[in-house]
Structure formats: structure tokens, C-alpha cells
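Inside the fold
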Amino acid sequence: MAEVQQKDSGNKKGQQKKQTIRVDFTPMVDMNMLLITFFMFCTSLSKPQTMEIAMPPKKEDMDKIKQEDMPQLDKERAITLILDAGNAAFYYLGLPDYKNPQSLKVTDYSPEGIRKLLLGKNVEIVTQINELKEKLKSKQITQDEFKKQSAEIKKDVKNSPMVMIKPTDGASYKNLVDALDEMQICDIARYAIMDTTEMDRFVMQNWASKGALSAAAAKEGTLK
Amino acid sequence: MPKVKVKRKSTFIDMTAMSDVTVLLLTFFMLTSTFIKKEPVQVSTPGSVSEIKIPETDIMQILIDPKGHIFMSLDKQTDKIEVLKKISEKYGVEFTPKEIKDFSLLPTFGMPVIRGENADKATVEKAITLINQNKINEKNPIGVKLFMALPTEMQDKVLKHLGIPNDSLNNQFKDWVGMTRHLMDSTNRGDNFKIAIKADAMTPYPVIKQVMSDLRDLRENRYNLITSLKGGGSSFEESKH
């Protein structure tokens, strides 16, 4: 595929014949194109992202931990997030209120939903972390320092919200990941995935029936 | 009058520049991309803003499809062989060296271990007819031994209907994870060993809950959830399939 062109530039004696060697690269290009196509179909450019989560240990192991080391739930700071079927999400603040069906509020996974609520509750940490992020951007601190300092900030503040994520059996995996994602966006230091309890289900049914359950219970006098 | 001479131009196009470009592109693709692992089920992972990349070595990936079938993959073939040997001891199922070799070559595995399973010619024939009739599922499964005796195209066809059982009566999933953890700890790789869950976005929560509670029983409380980057990150991948 390579051709040697000879140019006769006069027949002067003693002068070397000039040779230009041209190599035809067309087959090379063909082969490369084939390889590129192969790589485009058989590989993926984006390496998968991961989300690290740490679950609480099981109950028997929990009992071994000293009581004072256990995170104490502060009802002032608790937010319970219930993820229901059909991408619906609800939340209530503090302890469940059995009497007032309006205590359970509807929310969603959009920026106007959970995120707005949590950012509002977590202003102190969010502003500090944002300052750190600015510093990281302008290269005042390194990535490692950023990690260390943001961990410090999250540890320090005492009035950040504690979020309990309670997916119901109707929820999908996407809902769970979305909720966990919001925790990351809002820099929530303490959150846990929990099972829905009897109380949560009662509150939800009470909300759905617009307070019929609590009214009935009040009539029977079972509700304290 | 002299004839007008039409100058003959050679049609030789210099492809050197073109070749340069393609080689450059090729290098780019080779360096930045990773090979897609062959998976029995196509899952689309939910999006997240998390930017942590997944490590490539010492990782156990748990693949969960929307129907709740569980599959697994380990990055090293030798690990797969070791884990299978431990499983075979525990369940009392003998594997031939060829079966072990074939098993280690599977990119993703996920079939139950069935005690006293036959893999002779008649059983294989029968299994193939059942697969063609779509009668093989998690309730009427094929065990590892019979699976390894099937031809490759039948393996591909049936694997997505199998999965590792993880119900309370027959929780083989726990054994697989537990054995792998044990192997990693005994070869001093326990600190780097990571478990990654790759589940479809539409998987119902109870399926995930069961897996999480199994992992909790094994004291595996830290693991990774594989997600795709939010905002078009997954659409590129999806469009290719």
C-alpha cells in the first residue's frame, strides 16, 4: 500500500534521485474506525456512582452499646418522613399527633418539597458547608481538609434536624434513594432508615380519612 | 492546433491526518471507558447527586431486578472458585473441576444450590424443554450443577428467571455474602472489601428491605448503593441498549 514515487529531475550525474514515500493510510483509518465503534458499543463512559450508607447494627448488638453513647432522639428536632406508594411522601414534625389529622403534611421529591423543608430546618449547617465549598472552589483548602471540616461541622451543631426515613411497603427503591439523596443535598448529619410503626400507619389513615379515626377513638375514649 | 490536454489529477487523498484523529479518539475511548459487564437483567439505577466512584477491586455487587431476583458478581475469578467450594461444602453438593472452572467464568451468577441434583444427559434435555416452555422460575428452579451443564445460550435465557433465594426458610443469599466476607477476612482484604447494591429504580421497597435485613444479620452495616448521575447521566447508557 505504500508507493514510492520517483521524480526524474534531469539526468545530472552524481545527483541522488529524490524519493518521496507515501503510505496510504486508508486501511489504517478503516481499522481505527472499526475499533472506535467497538469501544463505543461495548464500554460505558460513565463509571457508576455510589452512595455510601451505614445502617444501624441489629438489635442484639445495639444492646451492648452503652446507653449514653446511643443517639438520643430529641422530639424538637425529629422529622419523620414517610415514603408511600405512588411517589407520595408525607412528613410530620416531632412526635406523631393522633388527634390532629392536619399534623401530617404532604410533600414531594421536587426541590420545592422535602429539600425546601430540610434546608429551612438546617440553615446553620448548610451555610457553613456552603462557605467551605466556596473555599474549596477558590482552592483555599484541599479536598481532604474539606471533608474533615465538613465532618466537624456536622458533628458540632446540636440543633440540626434528625430525619427518620420510613418507607412503606408500597414505596419503590427510587423513592428511598431520592430521600437519601435529599439528605446529602441538605447536609443532614443524622438520618436513619426505619420501618413504619403502628403509630405512623394510624396517623396516615387518620389523615386519609380526614380525622375520622381520631374522632372515633375520642368517642370511645381510647385515645389519651 | 494542439489538443487541449486534460490534466489528470490523481485521486490520492492523504489519510494521515484522518488517521491521527482516529487514533486520538481511540486512545480517548480506551482510557476513559470501562467495559460493560454482561448482566442477566437490565436495570436502570436511580439517579443521585453523589459523586463517589465505585472501587474496582474487592467488590461484591448485588444485582436486584424489579421482580426481586438477586444476582451477584465478584471481581476475581479465584474468589468465585473459593466461595463456590465453601458453598459446596456447606450444602453437600459436589462439583467437578470443569463445573467450578465454568462457574468462575460467569460474569454474574444467581442460581440456587440444590442438594442431590442430577446433571446427566436426560435431565439436561428435560431442562432445555422446560426452559423453552418458560416453565423455569424461582419456584421451579435449576440448581448450579444443572445450570453449568446447560449450553451457553440456554444459560443466558434461564438465568434471569432464577436468582439466589433469600427467603427465611432457604436463605442462600446470606451464605454467599457470609462466605465471601469470610474469604476476604482470611486473605487480609477485609478492610477494602465492599458490598455494592445495584437495584432497579422500580424495585419495590420490601425486596430491598429483605436484602438490607439479611446484610444486617451478617453485621454488614456499611455498603454502597449504585446510582447514576442525576441529569442525563443514565440516558446515554440507556440509549445504547
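A brief structural summary. Here the structure is a predicted model, which means the values were calculated and not measured. (Residues numbered from 1 in each chain as written. Chains lettered and ligands numbered in written order. Predicted model: local features only at pLDDT ≥ 70, side-chain atom pairs only at ≥ 80, totals over all residues. Heavy atoms only, no water.)

What follows concerns the overall build of chain A. When you go through chain A residue by residue, the secondary structure sums to eight helices and nine strands. In chain A, 61% of the contacts between residues at least 6 apart in sequence involve partners at least 24 apart. (Helix = DSSP H or I, 4+ residues; strand = E, 2+ residues; numbered from the N terminus. Contact = heavy atoms within 4.5 Å.)

What follows covers the pattern of salt bridges. Side chains bearing opposite charge may pair, as long as their charged atoms lie close to each other. Per the stated rule, a full pass over the model turns up 19 salt bridges over all chains. Between Lys194 of chain B and Glu52 of chain A there is a salt bridge whose closest N-O contact spans 4.0 Å. Of this pair, Lys194 of chain B sits in strand 6 (residues 194-199) while Glu52 of chain A sits in strand 4 (residues 49-54), on two different chains. Note on Glu52 of chain A: relative accessible area 43%, which makes it partly exposed. The shortest N-O distance in the salt bridge between Asp75 of chain B and Lys76 of chain B comes to 3.7 Å. (Salt bridge = Lys/Arg side-chain N within 4 Å of Asp/Glu carboxyl O. Buried < 20%, exposed > 50% of the residue type's maximum accessible area, 1.4 Å probe, protein only.)

What follows concerns the interface of chain A and chain B. Between chain A and chain B, the contact holds 50 residues from the first and 57 residues from the second. For the pair chain A and chain B, the summed buried area comes to about 5,300 Å², and 62% of that belongs to carbon and sulfur atoms. Among the residues chain A hides against chain B, the three largest losses belong to Gln49, Thr50 and Tyr173 of chain A. Together they make up 17% of the total. At the boundary of chain A and chain B, one finds three salt bridges. Counting across the interface, chain A meets chain B through 15 residue pairs in polar contact (both at pLDDT 80 or more). Contributions of two or more residues to the side of chain A that touches chain B are made by helix 1 (26-42), strand 3 (43-44), strand 4 and helix 6 (173-185) of chain A. Of the residues forming the side of chain A that touches chain B, the biggest block, 12 residues, is contributed by helix 1 of chain A. (Buried area = accessible area lost by both parts, 1.4 Å probe. Polar contact = N/O pair within 3.5 Å; in protein donor to acceptor, adjacent residues only side chain to side chain.)

All names here are of chain B. As for its position among the elements, Lys76 is in the loop between strand 5 (70-74) and helix 2 (77-91). With relative accessibility at 28%, the residue Lys76 sits in the partly exposed group. Along the chain, Lys76 and Lys135 lie 59 residues apart, while their C-alpha atoms are 33 Å from each other. Residues within four places of Lys76 in sequence aside, it is in contact with Thr57, Asp58 and Arg189.

Here we take up the environment of Leu180 of chain A. Residue and element names in this part refer to chain A. By secondary structure assignment, the location of Leu180 is in helix 6. Overall, the relative accessible area of 2% leaves Leu180 in the buried class. When the C-alpha atoms of Leu180 and Trp207 are compared, they prove to be 25 Å apart, with 27 residues separating the residues in sequence.

Now for helix 6 (residues 152-159) of chain B. Residues and elements named next belong to chain B. Residues of helix 6 that are buried include every one of Met154, Gln155, Val158 and Leu159, and no others. All buried residues of helix 6 fall inside an arc of 120° around its axis, so they share one side. Exposed and oriented more than 90 degrees from the buried face of helix 6 are Thr152 and Glu153. Buried residues in helix 6 make contact with strand 5, helix 4 (121-132) and helix 5 (144-149). (Arc of directions from axis to C-beta.)

In this section: unusual backbone geometry. Residue and element names in this part refer to chain B. The backbone phi angle of Asp58 is positive, close to 50°, even though this residue is not glycine. Residue position: Asp58 is located in the loop between strand 3 (52-53) and strand 4 (59-64). Unlike most non-glycine residues, Asn188 shows phi in positive territory, near 60°. Tracing the backbone through its elements, the reader meets Asn188 in the loop between helix 7 (172-186) and strand 6. Residue class for Asn188 comes out exposed when judged on its relative accessible area of 73%.

In this section: the nonpolar core. The nonpolar side chains of soluble globular proteins are, as a tendency, buried together. Formed by 79 residues in total, the largest nonpolar core has its most connected members in Met111, Ile142, Phe147 and Trp176 of chain B. Leave out the neighbours within four places in its chain, and Trp176 of chain B touches Met60, Met72, Val83, Leu84, Ile87, Phe103, Phe109, Val113 and Ile164 of chain B. (Core = buried A, V, L, I, M, F, W, Y, C linked by side-chain atoms within 4.5 Å.)

Moving on, we get to the pairing of strand 9 (residues 190-193) of chain A. It is a general feature of regular strands that their side chains alternate between the two faces of the sheet. Residue and element names in this part refer to chain A. Where strand 8 (residues 162-167) lies against strand 9, four bridges are found, and the strand directions are parallel. Residue pairing across strands places Met162 opposite Arg190, the latter belonging to strand 9. You can see the chain leave strand 8, run along helix 6 and come back into strand 9, and the turn it takes is right-handed. (Pairing = 2+ DSSP bridges. Right-handed = clockwise from strand over helix to strand, strands pointing away.)

A cluster of nonpolar side chains, namely Met28, Met31, Leu35 and Phe38 of chain A together with Val23 and Phe35 of chain B, defines an oily patch on the protein surface of about 520 Å² accessible area. At four residues, the largest contribution of residues to the nonpolar patch is made by helix 1 of chain A. Within the element layout of this structure, Phe38 of chain A appears in helix 1. Since its relative accessible area comes to 41%, Phe38 of chain A is described here as partly exposed. (Patch = residues over 30% accessible without salt bridge, like charges linked within 9 Å, V, L, I, M, F, W, Y side chains within 5 Å. Areas by Shrake-Rupley, 256 points an atom, 1.4 Å probe, with all protein chains shown as cover.)

This brings us to the packing of helix 2 of chain B against helix 7 of chain B. Residues and elements named next belong to chain B. Direction vectors running N to C along helix 2 and helix 7 enclose 125°, while the axes themselves pass 10 Å from each other. Classed by the angle they form, the pair helix 2 and helix 7 counts as oblique. In the crossing of helix 2 with helix 7, the sense of the turn from one axis to the other is right-handed. For the pair helix 2 and helix 7, contact is made by Asp79, Glu82, Val83, Leu84, Lys86, Ile87, Lys90 and Tyr91 and by Gln172, Asp175, Trp176, Met179, Thr180, His182, Leu183 and Met184, respectively. In terms of residue class, the contact of helix 2 with helix 7 is built from eight nonpolar, three polar and five charged. (Axes fitted to C-alpha atoms, helices over the stretch in contact; angles between N-to-C directions. Parallel < 35°, antiparallel > 145°, perpendicular 65-115°, else oblique. Left-handed = near helix turned anticlockwise from the far one by under 90°. Nonpolar A, V, L, I, M, F, W, Y, C, P; charged D, E, K, R; others polar.)

Here we come to helix 3 (residues 111-121) of chain A. Residues and elements named next belong to chain A. Here helix 3 has its buried residues at Gly113, Ile114, Leu117 and Leu118. End-on view of helix 3: buried residues confined to an arc of 90°, all on one side of the axis. Pointing more than 90 degrees away from the buried face of helix 3 are the exposed residues Glu112 and Lys116. On its buried side, helix 3 packs onto strand 5 (78-83), strand 6 (89-93), strand 7 (105-107), strand 8 and helix 6.

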